[in-house]
Amino acid sequence: MSGPTSSHAYGIGMIALIIGMSASVVFYTSFYLPESLAKPSVSDHILHPEEDFIIEIVPGAVVEGNPNYVPNKPVVALTVNNKVIWQNNDDTAHTVTPDHRHSDSYSGEFGSAGVMKPGETYEFLFTEPQDVPYHCTPHPWMEGTISVELSRF
Ligand SMILES: [Cu+2]
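Conventions and cut-offs
- Residues numbered from 1 in each chain as written.
- Predicted model: local features only at pLDDT ≥ 70, side-chain atom pairs only at ≥ 80, totals over all residues.
- Heavy atoms only, no water.
- Helix = DSSP H or I, 4+ residues; strand = E, 2+ residues; numbered from the N terminus.
- Buried < 20%, exposed > 50% of the residue type's maximum accessible area, 1.4 Å probe, protein only.
- Contact = heavy atoms within 4.5 Å.
- Core = buried A, V, L, I, M, F, W, Y, C linked by side-chain atoms within 4.5 Å.
- Donors = N, O, S within 2.8 Å, 3.2 Å for Na, K, Ca; no water.
- Pairing = 2+ DSSP bridges.

### Description of the overall build of the chain
(1) Moving on: Of regular secondary structure, the chain possesses two helices and ten strands.
(2) Moving on: Listing the helices and strands of the chain from first to last along the sequence gives α-α-β-β-β-β-β-β-β-β-β-β.
(3) Moving on: For the chain, the proportion of its 153 residues judged to be buried stands at 31%.
(4) Moving on: If you take every contact in the chain between residues at least 6 apart in sequence, the share linking residues at least 24 apart comes to 65%.

Quick look at the structure:
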């Protein structure tokens, strides 16, 4: 007589186990995961600075000794001009590649993906103070540094 009872208990146990597992999956995907993947909260003024800052890769930049990234060592300020756009005005493809792997905690990895062809741009939103020395992969004599500081106001 104990046969049916124990298999009944076994069935209920299995159902409880399945419900428990589904509940943890739902909890994990809808609460835990989004929380851990969420980007740090950044002030709206930093996400939408007053103006863009343009660094031009000037015509003739490919020739060693010529100016290349212009301006070459600018300082930009958070909330003012922390969105930086590199614009390739040369007739050769170039890159913007950090000297050492570098990332911004909001925007992620810094550096152009592959080359920027003539006329193309690469933009990056800096959200925290940092100094990033960078260069061009095909033309390592092309070097620049971008510095990001807190706004004084
Ligand atoms: Cu180059």
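Let us keep going from here.
### Remarks on the nonpolar core
(1) Moving on: Counting 24 residues, the largest nonpolar core has Tyr69, Trp86, Phe110, Phe126 and Ile146 as its most contacted members.
(2) Moving on: Breaking this core down by element, the ones donating at least two residues are β1 (52-57), β4 (83-88), β8 (121-125), β9 (130-135) and β10 (143-149).
(3) Moving on: With three residues, the top contributor of residues to this core is β1.
(4) Moving on: Residue contacts for Phe126: discarding those within four places in its chain leaves Ile46, Leu78, Asn82, Val84, Trp86, Asp104, Phe110, Val132, Ile146 and Val148.

### Overview of the coordination of the copper ion
(1) Moving on: With distances of 1.9 to 2.1 Å, the protein atoms coordinating the copper ion are His94 (ND1), Cys136 (SG) and His139 (ND1).
(2) Moving on: When the donor residues of the copper ion are listed from N- to C-terminus, their spacing reads H-x41-C-x2-H. Residue His94 is found in the loop between β4 and β5 (97-98), and its partner His139 is found in the loop between β9 and β10; the two are separated by 45 residues along the sequence.
(3) Moving on: On the basis of relative accessible area, His94 is assigned to the buried category, the value being 0%.

### Quick notes on the pairing of β10
(1) Moving on: Of the strand pairs in this sheet, strand β3 (residues 75-77) and β10 are connected by three bridges, and their pairing is parallel. Across the sheet, the residue bridging to Val75 is Ser147, located in β10.
(2) Moving on: Relative to β10, β9 runs antiparallel, the two being bridged by six bridges. Pairing of Gln130 across the sheet is with Val148, part of β10.

Read these as geometric descriptors, not functional statements.
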